[in-house]
Amino acid sequence: MAEVNYKKKKIIEITNVTKMFGNMTAVDNISLAINRGEFVTLLGPSGCGKTTLLRMIAGFELPTSGKIMLGGEDVTNIPPNRRPINTVFQKYALFPHLNVFNNVAFGLKLLKVPAGEKTLKDGSVRPLFRKLTKAEIKSKVERALSVVGLSDYGYRNVTTLSGGQQQRIAIARAIVLEPQVLLLDEPLGALDLKMRKEMQLELKRMHSELGITFIYVTHDQEEALTMSDTIVVINDGAIQQVGTPKKIYDEPANAFVANFIGESNLLPGKMISDFRVSYLDVTVDCMDKGFAKNEPVDVVIRPEDIKLLSADSDKAQMKGRIVSSVFKGTYYEMEVETGGYEFTVQSTDGAAVGSEVGMRVDPDGIHIMKKLRSVNEFIGEADGENTVWMCKGDFELDLPEGTEKGDKVKVRIPFDGVELTDDENDGVIGGNVTQSIYKGTYYQVQVYTDTDEDFYVDTSDEWDINDRVGINLIREKVTVTKFEEEENND
């Protein structure tokens, strides 16, 4: 068993961890520290790398590079059975031929605990171990079943239990061994909505009672916001943001987080000065500063932060028209069209479809984010007269005067300078859509190519995640410069 420093506040330290499967990067140079006793959720879409990261913490996968520390001890290459960690999976993996008590007791019956030392004839000392007694096993199992709220279920057949009860048994089997860290890999995914909500509260209660570290993997934003002390948002194998649920929701670090966590209105804007931002031809006060004058930014406004006023109110910042209204039980969700953009608005007061309204957002309801990228930029090679070899494709582009075949060039492509095709064969190269964010009047799409490059594309067309597409460039919108010239200027 790995030696754990139980006084150390940071129980897990992940440093520059990367995991490759062949040529595919599942986890990309992640560093993360987790405190003792925290409830941490790894949140992200399917295929983002969160489960791979969890499996490396458990020891089921070894990092390609990087280091994992547990209580100050390097456990990067230590096998799972020697780590004070247990895992609960989405599939409960209960033994159908054993009753509830024996399912929970299974690990305890195999466990050996220290039982003193023995001095050998040569003077050396050998540690002794023993198995737990039946009374010790019974005491531990009864406590574990009590924690999960199933004290009277010990001799029930596991096949007669509901999904939620089976999940609690799986958790009891994990915690009965008294791990320092409990890993939960989408454990509620197989439950219905009502039972899932009940189990969210149960897990939070168990965490509070046990006081150990929980690391929970999910793609469900509500689960993460409900249960977590800290949320780690992951996409494309990289951490996008780490923070409390409130921080993540109120102050998303980038467009992906804003779009993934809850509902949001995301639109392009421009910082006029500190605490002043312009979007949709209006300039309003905000709470943000530290941006360059007239710097392009992303503006995030949550639906509940938009106040609807009468169309002639002098407090209105914008005017719009209600295009849809749906009653959601405790509020109305409305789409309000203004300036070519459709705002999603959530309000306890409804408005008739077709009616004109005024809209206002107070400064603390506006969040400003730096753009992750303002232009696509790649290094290519002149491959002939007005052709550039880039991302394993020959693109017809206008080369700077004096460029010879084989010269390196820098290619700058605006987001609206990329054209996507339904048929991959109609493009110069192909890729998969990994992200699509609606920005009011257009979609911003991220395409991951077969050469591990990302293209960001502004398009009026809606694409689905994992769509296979072809990529062409709009020649007149692309700028090509000699790479050596820019290097010298730097």
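Owing to the predicted nature of the structure, the values given are computational and were not obtained by experimental measurement. (Residues numbered from 1 in each chain as written. Predicted model: local features only at pLDDT ≥ 70, side-chain atom pairs only at ≥ 80, totals over all residues. Heavy atoms only, no water.)

Enquirer: Looking at this structure, how should I read the sheet that holds strand S19 (residues 332-338)?
Expert: In any sheet, the strands associate via hydrogen bonds between backbone groups, in a parallel or an antiparallel arrangement. Read across the sheet, 5 strands follow the order S17-S21-S18-S19-S20 without closing on themselves; strand pairing throughout is antiparallel. The open sheet is flanked by strand S17 (306-310) and strand S20 (341-347), the only strands paired with a single partner. Across this sheet, the average inter-strand angle for adjacent strands is 45°, counted without regard to direction. In this sheet, strand S21 (residues 356-361) lies alongside S17 in antiparallel orientation, the contact comprising 5 bridges. (Pairing = 2+ DSSP bridges. Helix = DSSP H or I, 4+ residues; strand = E, 2+ residues; numbered from the N terminus. Axes fitted to C-alpha atoms, helices over the stretch in contact; angles between N-to-C directions.)

Enquirer: Whenever I open this one, the packing of helix H2 (residues 100-110) against helix H3 (residues 134-147) confuses me. Can you help?
Expert: The description of two packed helices rests on the angle between their axes and on the distance between the axes. H3 packs onto H2 with a crossing angle of 125° between their chain directions and a minimal axis gap of 10 Å. With respect to H3, the axis of H2 lies oblique. Between H2 and H3 lies a crossing of right-handed hand. Contacts between H2 and H3 involve Val100, Phe101, Val104, Ala105, Leu108 and Lys109 from the former and Ile137, Lys138, Lys140, Val141, Ala144 and Leu145 from the latter. (Parallel < 35°, antiparallel > 145°, perpendicular 65-115°, else oblique. Left-handed = near helix turned anticlockwise from the far one by under 90°. Contact = heavy atoms within 4.5 Å.)

Enquirer: Even after reading the chapter, I still don't get the nonpolar core, so can you show me in this structure?
Expert: When a protein is soluble and globular, its nonpolar side chains tend to lie buried together. Val141, Leu145 and Leu203 are the most contacted members of the largest nonpolar core, which totals 38 residues. Sorting elements by how many residues they give to this core places helix H4 (residues 163-175) first, with 6 residues. Core analysis: the second largest hydrophobic core is formed by 27 residues, Met56, Val181, Val232 and Ile234 among them. (Core = buried A, V, L, I, M, F, W, Y, C linked by side-chain atoms within 4.5 Å. Buried < 20%, exposed > 50% of the residue type's maximum accessible area, 1.4 Å probe, protein only.)

Enquirer: Help me out: how do you make sense of the packing of aromatic side chains in this one?
Expert: Each pair of aromatic rings is reported with the distance of its centres and the angle of its planes. Scanning the entire structure with this criterion turns up 11 aromatic pairs. Taking the centre distance of 5.0 Å and the plane angle of 50° together, the rings of phenylalanine 327 and tyrosine 332 count as tilted. With a relative accessible area of 28%, tyrosine 332 lands in the partly exposed category. For the pair phenylalanine 378 and phenylalanine 455, a centre-to-centre distance of 4.6 Å together with 35° between the ring planes defines the contact as tilted. With a gap of 77 residues between them, phenylalanine 378 in strand S23 (residues 376-384) and phenylalanine 455 in strand S30 (residues 454-459) connect regions that are remote in the sequence. What makes phenylalanine 378 buried here is its relative accessible area of 5%. (Phe/Tyr/Trp six-rings, centres within 6.5 Å; stacked < 30°, edge-to-face > 60°.)

Enquirer: So what exactly am I meant to see when it comes to the sheet that holds strand S29 (residues 443-449) here?
Expert: Strands sit in the order S27-S31-S28-S29-S30 across an open sheet of 5 strands; the sheet is antiparallel. Of all the strands in the sheet, just strand S27 (418-421) and S30 have a single pairing partner and so form its edges. Pairwise comparison of adjacent strand axes, ignoring direction, gives a mean angle of 45° for this sheet. For strand S28 (residues 429-438) and strand S31 (residues 468-473), the ladder comprises 4 bridges, and the chain directions are antiparallel. Looking across to S31, one finds that glycine 431 is bridged to valine 469.

Enquirer: Quick question: what am I supposed to make of unusual backbone geometry here?
Expert: Leave glycine aside and you will find that most residues have negative phi; peptide bonds, for their part, are mostly trans. A positive phi angle, close to 55°, is found at glutamate 178, a residue other than glycine. With respect to the secondary-structure elements, glutamate 178 resides in the loop between H4 and strand S9 (181-185). Assessed through its relative accessible area of 51%, glutamate 178 is described here as exposed. Even without a glycine there, the phi angle at aspartate 452 is positive, about 65°. Within the secondary structure, aspartate 452 is located in the loop between S29 and S30.

Enquirer: Any chance you could explain helix H1 (residues 50-58) here in plain terms?
Expert: Given 3.6 residues per turn, any residue in an α-helix points the same way as the ones three and four places further on. H1 sits mainly inside the fold: 7 of its 9 residues count as buried. Looking one or two residues beyond H1, the residue adopting positive phi is glycine 59, at roughly 100°.

Enquirer: Which parts of the structure should I look at to understand H3?
Expert: A rise of 1.5 Å per residue sets the reference length of H3, with its 14 residues, at 20 Å; its end C-alpha atoms lie 20 Å apart and thus fit the reference within 8%. The complete set of buried residues in H3 reads Ile137, Val141, Ala144, Leu145 and Val147. Each buried residue of H3 lies within a common arc of 155° when the element is viewed along its axis, so the set occupies one face. Considering only its buried residues, H3 is in contact with H2, H4 and helix H5 (193-210). Looking at the residues trailing H3, positive phi occurs at glycine 149, about 75°. (Expected span 1.5 Å × (residues − 1). Arc of directions from axis to C-beta.)

Enquirer: Honestly, the environment of methionine 56 in this entry has me stumped. Any pointers?
Expert: Secondary-structure assignment places methionine 56 in helix H1. Residue methionine 56 is classed as buried on the basis of its relative accessible area, which comes to 0%. Along the backbone, methionine 56 and valine 17 are 39 residues apart, and their C-alpha atoms lie at a distance of 9.3 Å. Excluding anything up to four places from it in sequence, methionine 56 contacts Val17, Lys19, Val27, Glu61, Leu62, Pro63, Ile68 and Arg83.

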